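Working through the structure, step by step
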Amino acid sequence: MAVCLKGRSFLTLKDYTPEEIMHLLMLAKELKAKKKSGIRDKLLDGKNIVLIFDKTSTRTRCSFEVACADEGGHSTFLTNSQMSSKESLEDTAKVLGRFYDGIEYRGFSQKLVEDLAKFSGIPVWNGLTDEYHPTQILADMLTIMEHCDKPLNEVKFVYVGDARNNMGNSLMIGAAKMGMDFVAVAPKELFPNEALVEEMRELAKETGASITLTENIADVKGADVIYTDVWVSMGEEDQYEQRIKMLEPYRVTMDMIKATENENVLFLHCLPSFHDLETEVGRRIYEEYGLKELEVTDEVFRSRHSVVFDEAENRMHTIKAVIVATLTGK
């Protein structure tokens, strides 16, 4: 049965079936190959999208702008709207729905992005909220497909670190949807939300996935993918001391890579990463806590196992697939 996603919002992967997710991944693969060959189909000719950011961004903003332009569309980067200050979210959404074909939102509140979809009447895409980061997961899945000689439903995917943030949540959802063996290695205090875990375990019964939560670093054995994220998410900058104490044993090191006993294990990270002292934050952490590296060592980050820049590029190709699929039905 053909998949058609025209008119759909993309707020969380929970809303999409495994078949629909695979459709987006295969479309991204096709569009990526065409871009590499210099082919532009102008699939978004005449389409206008608006990008709203309440959080800083590199990959998400650039991905949406380049993806839209590649296919002949136009994007507006909206930084100074009156939404929620002088004008209600509902009224703003209804106005934007009259001007644009789609809305991207990146910020704190999942309810806000859901309300934009509710009131605008056009597709809304979640560029990141405190709960979910679905466009990132598509990029991660495409990268695994490109670099691992196993189908997704045979991959052991190990997430190490803060497993209750938007990446821990979203990776668990994506893994459950695609039938993967998902292992979260984290301090118990940073396990994912229990209700979400139970929901995904119920889904796993249908897809053949498995969900494991463990504090034992030895459970990385057999991993095809090691994934980590920053220890402190945006909006939690006052918690560095606490998180460092909790998560320093979970830093991804070359010893952890070797403990997988898989010489071809992949290392993924959604970026940005604090793997050296080349950032203001990294230098401040070094001055305060004496740490030159946080969630991953520079050795691992720059090793042959690391595919983080392929992963970053794939943000654009998978976001392009989401825009094209939801605006045109391709």
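Here goes a summary of the coordinates provided. (Residues numbered from 1 in each chain as written. Predicted model: local features only at pLDDT ≥ 70, side-chain atom pairs only at ≥ 80, totals over all residues. Heavy atoms only, no water.)

1. A word on helix α4 (residues 110–120)
- The set of residues buried in α4 consists of Gln 110, Leu 112, Val 113, Asp 115, Leu 116, Ala 117 and Ser 120.
- Summarising the contacts, the buried residues of α4 are in contact with α3 (89–99), β3 (102–106) and β4 (124–128).
- Structurally, the start of α4 carries an N-cap: the backbone nitrogen of Lys 111 is 3.2 Å from a side-chain oxygen of Ser 109. (Buried < 20%, exposed > 50% of the residue type's maximum accessible area, 1.4 Å probe, protein only. Helix = DSSP H or I, 4+ residues; strand = E, 2+ residues; numbered from the N terminus. Contact = heavy atoms within 4.5 Å. Polar contact = N/O pair within 3.5 Å; in protein donor to acceptor, adjacent residues only side chain to side chain.)

2. Quick word on the environment of Ser 273
- Tracing the sequence through the fold places Ser 273 in the loop between β9 (266–269) and α10 (280–289).
- The class of Ser 273 is buried, set by a relative accessible area of 10%.
- When the C-alpha atoms of Ser 273 and Asp 298 are compared, they prove to be 9.7 Å apart, with 25 residues separating the residues in sequence.
- Those residues in contact with Ser 273 that sit more than four places away from it in its chain are Glu 295, Val 296 and Phe 301.

3. A short note on the packing of α3 against α4
- Their axes nearest at 8 Å, the elements α3 and α4 cross at an angle of 55°. In this view, α3 runs oblique relative to α4, as classed from their interaxial angle. Crossing angle aside, the handedness with which α3 passes α4 is right-handed. Contacts between α3 and α4 involve Leu 89, Glu 90, Ala 93, Lys 94 and Gly 97 on the former and, on the latter, Leu 112, Asp 115, Leu 116, Phe 119 and Ser 120.
- For the contact of α3 with α4, the residue count by class is 5 nonpolar, 2 polar and 3 charged. (Axes fitted to C-alpha atoms, helices over the stretch in contact; angles between N-to-C directions. Parallel < 35°, antiparallel > 145°, perpendicular 65-115°, else oblique. Left-handed = near helix turned anticlockwise from the far one by under 90°. Nonpolar A, V, L, I, M, F, W, Y, C, P; charged D, E, K, R; others polar.)

4. What about helix α8 (residues 240–247)?
- Every buried residue belonging to α8 is among Tyr 240, Arg 243, Ile 244, Met 246 and Leu 247, and all of these are buried. Axial view of α8: buried residues confined to an arc of 165°, hence all on one face.
- Residues of α8 that are buried in the fold lie against α10. (Arc of directions from axis to C-beta.)

5. Here we look at the pairing of strand β7 (residues 210–214)
- Note: strand β6 (residues 181–185) against β7, 5 bridges, orientation parallel. The residue of β7 that forms the bridge with Val 185 is Thr 214.
- Taking the sense of rotation as the criterion, the β-α-β connection linking β6, helix α7 (residues 194–207) and β7 turns out right-handed. (Pairing = 2+ DSSP bridges. Right-handed = clockwise from strand over helix to strand, strands pointing away.)

6. A short note on the pairing of strand β1 (residues 48–53)
- Here β1 lies mainly inside the structure; 5 of its 6 residues are buried.
- Where β1 and strand β2 (residues 74–78) come together, 5 bridges link them in parallel fashion. Residue pairing in the sheet places Asn 48 in a bridge with His 74 of β2.
- With 5 bridges connecting them, β1 and β3 associate as parallel partners. Note that in β3 the partner of Ile 49 across the bridge is Gly 102.

7. Looking at the pattern of salt bridges
- What the rule picks out here adds up to 25 salt bridges.
- A salt bridge links Glu 313 to Lys 36; the shortest N-O distance between them is 2.7 Å. Placement of the pair is Glu 313 in helix α12 (residues 308–328) and Lys 36 in helix α1 (residues 18–36), with a sequence separation of 277 residues.
- The salt bridge partner of Glu 288 is Arg 284, with a shortest N-O separation of 3.6 Å. Remark: Arg 284 and Glu 288 occur in helix α10; sequence separation between them is 4 residues, near one turn of the helix. (Salt bridge = Lys/Arg side-chain N within 4 Å of Asp/Glu carboxyl O.)

8. Details of the sheet that holds β4
- The 4 strands are arranged β2-β1-β3-β4 in an open sheet whose pairing can be described as parallel. Single-partner strands in this sheet number two, and they are β2 and β4. Pairs of neighbouring strands in the sheet enclose a mean axial angle of 20°, with direction left out of account.
- Along the sheet, helix α2 (residues 59–70) makes contact with β1, β2, β3 and β4, crossing β1 at roughly 175°.
- Strand contacts of α4: β3 and β4, with the helix running at about 165° to β4, the strand carrying the most contacts.

9. Things to note about the nonpolar core
- With 61 residues, the main nonpolar core has Ile 144, Phe 157, Met 180, Phe 182 and Ile 323 as its most contacted residues.
- By residue number, the principal contributor to this core is α12, which donates 8 residues.
- The residues contacting Met 180, other than those within four sequence positions of it, are Met 141, Ile 144, Leu 152, Asn 153, Val 155, Phe 157, Ala 175, Ala 209 and Ser 210.
- Core analysis: the next-biggest nonpolar cluster, separate from the first, contains 32 residues, Val 183, Ile 226, Met 256 and Phe 267 among them. (Core = buried A, V, L, I, M, F, W, Y, C linked by side-chain atoms within 4.5 Å.)

10. Observations regarding unusual backbone geometry
- Omega for the peptide link from Leu 271 to Pro 272 comes to 0°, which places this bond in the cis form.
- As for its position among the elements, Pro 272 is in the loop between β9 and α10.
- Unusually for a residue other than glycine, Glu 261 sits at a positive phi of about 60°.
- Within the secondary structure, Glu 261 is located in the loop between α9 (254–259) and β9.

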